[in-house]
Amino acid sequence: MRIVVCVKEVLDPDAVNNYALAGRLTIGEDGKSLTQTAIPRLMNGFDEQALEAALRLRDAGVDCGITVVSAGPEPATILKHAASLGADDLVAVTVDPAALDSHAIASLLAGAIRSQGGADLVLCGRQASDDDQGVVPALVGEMLGMPVVTIARAVEAQGSSGWRVTRVTPDGDEVVEVDCAAVVTVSNELGDPRYPTAAAKIKARRVKPTALSVEDLGLAAEDIQPRVVFTKQFVPTIQGNCEFIAGASAAETADRLIARLRDDSVIP
Amino acid sequence: MSSNGVVVITWGRGGEAFAGEADDVLTLGREVAGALGGELVWLALGPVSDEIQAAASRYGAARIDRILDAKLAELQPDVFVEALAQYCARQSPRVVLFAQGFDARLIAPRLAARAGAAVVMNGAGIEVGSGGGLAITASAYGGDTRVVYEVGPARPCVVSVLANAVPPSAAAAATSPAVQDVPVDLTGVEERIRVVSKARAEGPRLDAAEIIVAGGRGLGAPENYELIEGLAEALGGLPGASRPIVDEGWVDSSHQVGLTGTITRPGLYLAAGISGASQHMAGCSAAKTIVAINTDADASIFRYARYGIVGDCLEILPELIRAAKT
């Protein structure tokens, strides 16, 4: 059985967020890129959790090889991290992300998966923490003819070829089953991914990614033609209009707030 | 419909084709249709209630298209995507709009793939260029930034619209949209996803709450979350949480408010020990009144709040509970 995990390298979202909270997030001269070059790049958090879901399946006894695929400018770094977590095979598609969109990336990932002989399960993070689009998994599913199960907190093998997935819905957990190969997206409710062990990191040094070019994937030009072109990025300004409420004591402050909210008819 | 029309697609839970307010999506749809020189159509999967009829008229829809099929009674992704793909093949809308919700996150991109369309999620606005190209504004980095995506004039486009991003506004003149049935052939579709155990909502939903009291890391320890629950109860509201404390396991994910949690629209949102990160504010910034309690006077949340208290929520919350009960 082959489990494929798709991973993306992103700017550390906590670092971006800290800059934003400090009011120091700025856009460069190209009007698109964030200027903070000091922000580290790492594997998208939800994709780490997708890889964790694969490792849990193997731990549970599913006889599988785990292949991790990444399409991006320098896939090697996060693929090495995937190997140190336990991936068996790595596939790197080197591309310039500026020339691509979700549709093009999905074409590349689907092509890479086909080139490896297909997959019994494709695991992806629910969305990338940079663009938050979350459409690549569904597009890959359509391209490979696989059903797509989204927002999973748990994935289990079901029978010899199927999957049982617990999804986090607004109304609580839902459990679904598919009897065939599927794309499943993983959400943070799956829990913390494991850390690489020292031994695994050493072993990972010997794992070399299979490098595939766009030509190797046999894709037509229109398959990787972006349908959506990213042209601009800006930081929205929020105008504050906060009235601060204070009193001589916590009790007095609280009384003042409650009184004000009652005056405004906001609370009973 | 010509190929410069806009269609807004909705469906409901359990057979009723309207899962909440679509006012904002209809408003955006009308504006884009006008700019394209096309019509706004509401596509309802399921019966058309008086509520849908009234909203369609108020927001200026030219027509309501209705697809009635027993297979559409409950959400089944393969079936829904097939029905919508057949509709789009027949009607060739230029822009398809969804209100971004849990199921739309799956249906929108799958439909786009089937229809050869571009797809943009987290949409906050759409401008139409002079040549008929589209510039779609969306949120990125959890809401820390806005991005603009352009789609060429010859490409149909699916856009999923963020809740609370577009202020609803009624059409200058109400329309009288007729209901038109659209046939689809779903006999050939086999749903590959089987629901084994349905989600069962326990109690009132956070996205419908009028009063929400939410807690974050500033609470310090998991046991302090009971102060949030206590104040919520005292005010007759529901407790919410930021993602960090959900990830820490202090509280169940059903309480999570934010871009990847629940998007809420209450009359009062009281945030205690929450910094005001965009990911969280995306879930509550549309509240009519936001109150923030934080030890840091420079916390980002005070830029969104109507009222602020700079202080320790562990001291303030018990006093608020007392005051709320008197």
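Residues numbered from 1 in each chain as written. Chains lettered and ligands numbered in written order. Predicted model: local features only at pLDDT ≥ 70, side-chain atom pairs only at ≥ 80, totals over all residues. Heavy atoms only, no water.

As a further point, take the packing of aromatic side chains. Evaluated as defined, the whole model comprises 4 aromatic pairs over all chains. On the basis of an interplanar angle of 65° and a centroid distance of 5.9 Å, the ring pair of B:Trp11 and B:Phe98 is categorised as edge-to-face. Residue B:Trp11 is located in strand E1 (residues 6-11), and its partner B:Phe98 is located in strand E4 (residues 95-99); the two are separated by 87 residues in the primary sequence. You'll find B:Trp11 and B:Phe98 in the same group, each marked buried. One aromatic cluster in this structure is built from B:Trp11, B:Phe80 and B:Phe98. The cationic tip of A:Arg126 hangs over the ring face of A:Phe46; the distance from NZ or CZ to the ring centre is 5.9 Å. (Phe/Tyr/Trp six-rings, centres within 6.5 Å; stacked < 30°, edge-to-face > 60°. Helix = DSSP H or I, 4+ residues; strand = E, 2+ residues; numbered from the N terminus. Buried < 20%, exposed > 50% of the residue type's maximum accessible area, 1.4 Å probe, protein only. Lys NZ or Arg CZ within 6 Å of the ring centre and 35° of its normal.)

Across the sheet, 10 strands lie side by side as E11(A)-E5(A)-E4(A)-E1(A)-E6(A)-E10(A)-E7(A)-E8(A)-E9(A)-E10(B); this open sheet has mixed pairing. Each edge of the sheet is formed by a strand with only one pairing partner; in this case those strands are strand E11 (210-212) of chain A together with strand E10 (194-197) of chain B. The sheet shows a mean angle of 30° between the axes of neighbouring strands, taken without regard to direction. With 7 bridges joining them, strand E8 (residues 162-169) of chain A and strand E9 (residues 172-178) of chain A adopt antiparallel strand pairing. When the bridges of E9(A) are listed, A:Val168 appears paired with A:Asp173. Each of strand E6 (121-125), strand E7 (148-158) and strand E10 (182-186) of chain A touches helix H5 (residues 136-144) of chain A; the most contacted strand, E10(A), lies at about 175° to it. (Pairing = 2+ DSSP bridges. Axes fitted to C-alpha atoms, helices over the stretch in contact; angles between N-to-C directions. Contact = heavy atoms within 4.5 Å.)

Right, let's get into H5(A). With respect to burial, H5(A) is a largely interior element, 7 of its 9 residues being buried. Of all the positions in H5(A), only A:Val136, A:Pro137, A:Ala138, A:Leu139, A:Val140, A:Gly141 and A:Glu142 are classed as buried. Where H5(A) is buried, its residues contact helix H4 (102-115), E6, E7 and E10 of chain A together with helix H4 (104-115) of chain B. Following H5(A) by one or two positions, A:Gly145 has its phi on the positive side, about 70°.

On the chain A side, the residues contacting the 79 residues of chain B number 75 residues. Summed over both sides, the interface between chain B and chain A buries roughly 6700 Å², with carbon and sulfur atoms accounting for 57% of that surface. Ranking the residues of chain B by area buried against chain A places B:Phe102, B:Tyr141 and B:Tyr307 at the top, with a combined share of 12%. Summed over the shared surface of chain B and chain A, the number is 6 salt bridges. (Buried area = accessible area lost by both parts, 1.4 Å probe. Salt bridge = Lys/Arg side-chain N within 4 Å of Asp/Glu carboxyl O.)

With respect to topology, 6 strands assemble into an open sheet ordered E13(A)-E15(B)-E14(B)-E13(B)-E11(B)-E12(B), the strand pairing being parallel. Of all strands in the sheet, those with a lone pairing partner are strand E13 (243-244) of chain A together with strand E12 (238-241) of chain B, marking the two edges. Strand direction decides the pairing type here: strand E11 (residues 211-215) of chain B and strand E13 (residues 268-272) of chain B, joined by 5 bridges, are parallel. Each residue of the ladder has a partner; that of B:Gly215, found in E13(B), is B:Ala272. Packing of helix H5 (residues 225-235) of chain B onto the sheet brings it into contact with E11, E12 and E13 of chain B, and relative to E12(B) it is tilted by some 145°.

Time to look at a negative patch on the surface. All names here are of chain B. Together, Glu-223, Glu-226, Glu-229 and Glu-233 make up a negatively charged patch on the protein surface. Residue position: Glu-233 is located in helix H5. Judged by relative accessible area, Glu-233 falls into the exposed class, the value being 66%. (Patch = residues over 30% accessible without salt bridge, like charges linked within 9 Å, V, L, I, M, F, W, Y side chains within 5 Å. Areas by Shrake-Rupley, 256 points an atom, 1.4 Å probe, with all protein chains shown as cover. Lys, Arg positive; Asp, Glu negative; His and termini not counted. Charge placed at Lys NZ, Arg CZ, Asp CG, Glu CD.)

Bringing the confidence of the model for chain B into the picture now. Overall, the prediction assigns chain B a mean pLDDT of 93, with 97% of residues at 70 or greater. Among the scores for the predicted complex, ipTM is 0.94 and pTM is 0.93. (pLDDT = per-residue confidence, 0-100.)

Next up on the list: the pairing of E10(A). Residue and element names in this part refer to chain A. The buried count for E10 comes to 5 of 5 residues, which makes it a mostly enclosed element. Burial along E10 is two-sided: the residues Ala-182, Val-184 and Val-186 and Val-183 and Thr-185 are all buried. Bridge analysis of E6 against E10 gives 5 bridges, and the strand direction is parallel. Bridging across to E10, Leu-123 finds its partner in Val-184. As paired strands, E7 and E10 are joined by 3 bridges and run parallel to one another. Considered in E10, the bridge of Val-149 is made with Val-184.

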